[in-house]
Amino acid sequence: MGASILVADDEPNIVLSLEFLLRQAGFRVRTVSNGEAALAAIAEEPPDLVLLDVMIPGRDGYAVCQEIRANPDWHNVRVVMLTARGGEIQREKGLSLGADDYVTKPFSTRELVERVRRILGAARN
Amino acid sequence: MLASSFLLVAAAAYMGLLFVIATIGDRRAVTGRSLINSSIVYALSLAVYCTSWTFFGSVGRAATRGLDFLPIYLGPTLVFCLGWAFLNRILRVSKAHRITSIADLLASRFGKSGAVAGLVTVIAVIGSVPYIALQLKAVSTSLKVLHDYQGGLGGSGILRDTEIWVACVLALFAILFGTRKIDASERHEGIVAAVAFESIVKLVSFVAVGLFAGVVLFDGFGDIFARASAEPSLAQQFKLGGPLAGIDWITMTFLAMAAIVCLPRQFQVMVVENVDERHLDRALWLFPAYLLAINLFVFPIALAALLTVPKGTDPDTLVLTLPLVAGYSGLALLAFLGGLSAAASMVIVETVALSTMICNDLVVPLLLRCGWLGLGTRPVLLGIRRAAIVIVVLLGFTYVRLVRETYGLVSIGLVSFAAVAQFFPAIVFGLFWRRATRAGVLTGVSLGFVVWAYTLLLPSIGSQGWLPRELLEHGAFGLSALRPSALFGLDGLDPVTHGVFWSMLLNITAIVGVSLFVDQSALERGQAALFVDDWNGLKRDEGRLWRGTAQVADLVQLVGHFLGEARTREAFAEEARRRGRDPALLAADAGTVNLAERLLAGAIGSASARVLVASVAHEEPIGAEEVMRILDETSQAIEYSRRLERQSQALEATTAELRRANERLRELDRLKDDFVSTVSHELRTPLTSIRSFSEILLDNPSLEEGRRQEFLRIVVAESERLTRLINDMLDVAKIQSGSVEWHMESVSVAAVAREAATALGQLFRDKNVALMVDLPEDISTTLADRDRLFQVVVNLLSNAVKFSPKDAGRVTLTVVNEADGVRLSVADNGPGIAPAHRDMIFERFRQVGDMLTAKPEGSGLGLAISRMIIEHFGGRAWVEDAPSGGAVFNVWLPRKRAAASAA
């Protein structure tokens, strides 16, 4: 059975495309559209990886990432941050908060899937 | 009649008492419990002004000339009552510079000039000798009167030569108590104590005679006046002289005003012997009160004497003969002691003051010039002073013997006053006019003195028959214009008034005239600044320009020779402490050289001190040019630093401005970064969907048709969104940059609203939102761009649809007339806008949605654009709560003015 992935983004079309791509790659996918829902979904069943948009409504991506890292039960959860805002500062902030990777929109679908696989593979090893 | 032996014993006993008092005074000073540290003693010592001239002479003058004696006491009273600032200034400046005498004061002010000091000293001595003679004469006369009355032992050898004995005793007293210490700026407490005591005796004895006349001899003072006015021969006593009496009064008052400051003995008690400046405050009324008390009885005594004493009695002895005639020899003895006190105090203080001046300002400079003043000369200085005292007293004695009694006591006194009054203009100018120069003062005082000698001294001596009568009666060289009593044809004045007028006129004119045309030397300039601008003595060390080389050891040694090693070392150590330095490291600079000069000035006067210090300090003369250069440089430096200050202030202001601008820029930069970041986000979001779905379609050619269609629709919709976004952003940019073409015309708001409602009808139906339109017919028109206004209404309506609950949405579009405009409102029944967000939502990219629902569609620029458009029309856009719970977006537009619509 494939690894489970939580997609947290408030753009329905982006969520739709990610869901399609990741399912196609063999992952189990759940989707949410705001920070609180993301944390609720993780608490319900911690996924192997969260694709987390920085600019989601409610608690933003950074806050959610911090929360995940603060919870020892969730230390196996990988976090890949997604952002439409460019810039090194955002990237570094994301990584310093404990994200495993940081992907800028728009992204190459193949590359995104590849990165997700690599992160999950590294975690498994 | 009193036995001569008894008289001599009484006089000797009284002098003995004075010696005791003076000794106690000096002892107390040494132990630090000063007898004279009191304003009362100070005021009493000032009463040294009242000499035998007052004691005997006032009554004499009142007996011959009526009220003429009064101006002599009016002058000092005026000075003390009105001249506090002037007296205080003299006191301050003298203490600051350790001034030892009136000559020293003027010399110090005018560049520490030896010439000024010498001139003033010579005049003071010449002017004072007759005055001292007067005192000796008064004592011997009064002794004689007491003894000879009713024909006693006419030819007692001792009493015939009383002047020489009196002179010897007073000289001894002055030497004993006046020349103990070398530092002349230090006080002679014994003398001051004795003088104060004598002032009490003077007052008591004079008042006693006065009361005796009023109470014992007559039936009250009213009785005296009544009987005097009944006596035809006394009528003239009640008149105020002839037509020129006014001028004489003014002259005498002026002379007395000058004398109270310029007389060597007055300067001595008022300034040099002053213990505490604050004593002056009380003396300001105490001293005039003393004068008043002693003058109160002058007139009654004179009248009483004229009524009782046989005609032909010397008017200047009436104070004694009045009690004698009545047979009260005890009272006469008291009166004699009062007169003796008056004479003794004057002679003692005057000779001490003059001896200091003679020593410091005549002999020492002479010795210095001849190189005779070695450095082991402390005792020599005291010897010089003692000799000076003896010489002055002997001069007085000689004068008594040579000059017969032509002039009354008062007249001799006035001649003396006129001599020292020559210093008065110099003092006033010196203290208040910075430009007054040494040359001016030397010229003025010399001229005044020459005129004084010619018009006043010459006649008083000339009447003795030593000078050709021709000179006195017809003037020098037979020129009537040079007659001593009527100079330049000014005839008919009282001799004193005449002499004072000419001497003062020339004196003042010369000081002012010469000062205006002759430049000051560097030293003069410095001293002038110290005396005129810094009379408090605050900056005396900084005020001096000094350049030269000196060794502190040399200075200490030099001063030590005069003041003693221990005191000198202590003074220099104190200076070092004041500067916070180790005494051993004290440098020989302007400050220490000044200190040495100041210390020496207290002993030998400023002019001599300067010469002495210069001999050790190898001072290089500073020329006027150099001073000008230094002043120039200083003023340039001041100007430069002022300019720097102004510039640095300007710089600070500019810096602050720049900082503000920078902060503003940084804020703008941050806003711009935010904006760019937001725009980037807004553009990347649709791009992300477009790219993702395009890649999915590309990578999955075998995708089922349904999905394929769905994904392609998304790509198209997101492309449209991107296009909209770009259009809106361009719109914002265009409005902001002012490059939008506005087609302003008269627009019916109601018509535009109806069109917009119609255009969006399909959207409302699609979303199943009810649209109510309330558009009255009589809506005013406004001036606007029709298309842009349409854009605003569409934006508001589509927002309302967006936020209205699906299927239950209700939107109301209303237009109403208001006082001076039209209001268009769009109300919905959506979630409403929190008050905190009501302004924010009009900003760019500030969408406020329900965080739990999906993001609202739209660029986030619609409201920002709407507000910009409405504001361009001169209106306002805002949001408020709808009564139904949702939000109401309002637009207010100004009514088009009638004139404009007509046009």
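Once a new chain begins, its residue numbering starts again from 1 and follows that chain's sequence as written. Ligands are numbered from 1 and chains lettered from A, in the order in which they are written. Local features are withheld for residues below a pLDDT of 70 in this predicted model, meaning they are given only at 70 or higher, and side-chain atom pairs are given and counted only at 80 or more; totals for whole chains, interfaces and linings count all residues.

Novice: Give me the lowdown on unusual backbone geometry, citing residues and values where you can.
Specialist: Lys105 of chain A connects to Pro106 of chain A through a cis peptide bond whose omega is -10°. Positive phi, normally seen in glycine, also occurs at Arg98 of chain B, with a value near 50°. Counting through the fold element by element, Arg98 of chain B comes out in the loop between α5 (84-96) and α6 (102-109). Counts of 20 or more other C-beta atoms within 10 Å of a residue's own C-beta define buried residues, counts of 12 or fewer define exposed ones, and intermediate counts define partly exposed ones; C-beta atoms are placed from the backbone. Note on Arg98 of chain B: 24 C-beta atoms within 10 Å, which makes it buried. Notably, Asn768 of chain B is not glycine yet its phi reads approximately 60°, a positive angle. Elements are defined by DSSP. Helices are runs of H or I of four residues or more, strands are runs of E of two residues or more, and each kind is numbered from the N terminus.

Novice: How would you sum up the pairing of strand β4 (residues 78-83) of chain A? Please name residues and give values.
Specialist: All names here are of chain A. Within β4, six of the six residues are buried, which leaves the element mostly enclosed by the surrounding structure. Here strand β3 (residues 49-53) runs beside β4; their pairing, made up of five bridges, is parallel. Paired with Asp53 across the two strands is Leu82, which belongs to β4. Note on the crossover from β3 through helix α3 (residues 61-70) to β4: the handedness is right-handed. In this structure, β4 lies alongside strand β5 (residues 101-104), joined through four bridges in parallel fashion. Note that in β5 the partner of Leu82 across the bridge is Val103. The pairing criterion for strands is at least two bridges between them, as found by DSSP. Handedness of a crossover is defined as follows: with both strands directed away from the viewer, a clockwise route from the first strand across the helix to the second makes it right-handed.

Novice: Please set out the sheet that holds β5 of chain A residue by residue, giving values where relevant.
Specialist: All names here are of chain A. Taken in spatial order, the five strands of this open sheet run β2-β1-β3-β4-β5, and their pairing is parallel. Two strands bound the open sheet, and with one partner strand each, they are β2 (28-32) and β5. Between one strand axis and the next, the sheet turns through 20° on average, direction left out of account. This entry defines residue contacts through backbone-placed C-beta atoms, with two residues in contact when those atoms are within 7 Å. Interaxial angles span 0 to 180 degrees and are taken between N-to-C directions of axes, which are lines fitted to C-alpha atoms, for helices over the stretch in contact. Docked against the sheet, helix α1 (residues 12-24) engages β1 (4-8), β2 and β3, running at close to 170° with respect to β2. Of the strands in this sheet, β1, β3 and β4 are in contact with α3, which crosses β3 at around 155°.

Novice: Hey, could you go over the sheet that holds strand β2 (residues 770-774) of chain B for me, with residue numbers and the actual values?
Specialist: Residue and element names in this part refer to chain B. Taken in spatial order, the five strands of this open sheet run β2-β4-β5-β7-β6, and their pairing is mixed. Each having just a single partner strand, β2 and β6 (876-881) make up the two edges of the open sheet. Neighbour-to-neighbour, the strand axes of this sheet turn through a mean angle of 15°, independent of strand direction. Looking at chain direction, β6 and strand β7 (residues 887-894) are connected through six bridges and run antiparallel. Paired with Arg876 across the two strands is Trp892, which belongs to β7.

Novice: I'd love a proper account of the packing of helix α15 (residues 298-308) of chain B against helix α16 (residues 318-326) of chain B, names of residues and values included.
Specialist: Residues and elements named next belong to chain B. For the pair α15 and α16, the least separation of the axes is 10 Å and the interaxial angle reads 55°. Here α15 lies oblique to α16, going by the angle between them. Considering the relative orientation of α15 and α16, their crossing is left-handed. Contact with α15, carried on its side by Ile301, Ala302, Ala304, Ala305 and Thr308, involves Leu318, Val319, Thr321, Leu322 and Val325 of α16 and no other residues of that element. Here is the rule for angles: anything less than 35 degrees is roughly parallel, anything more than 145 is roughly antiparallel, 65 through 115 is roughly perpendicular, and the remaining ranges are oblique. Crossings are classed by handedness, with left-handed meaning an anticlockwise turn of the near helix from the far one by less than a right angle and right-handed meaning a clockwise turn.

Function cannot be read off these values alone, since they describe shape.
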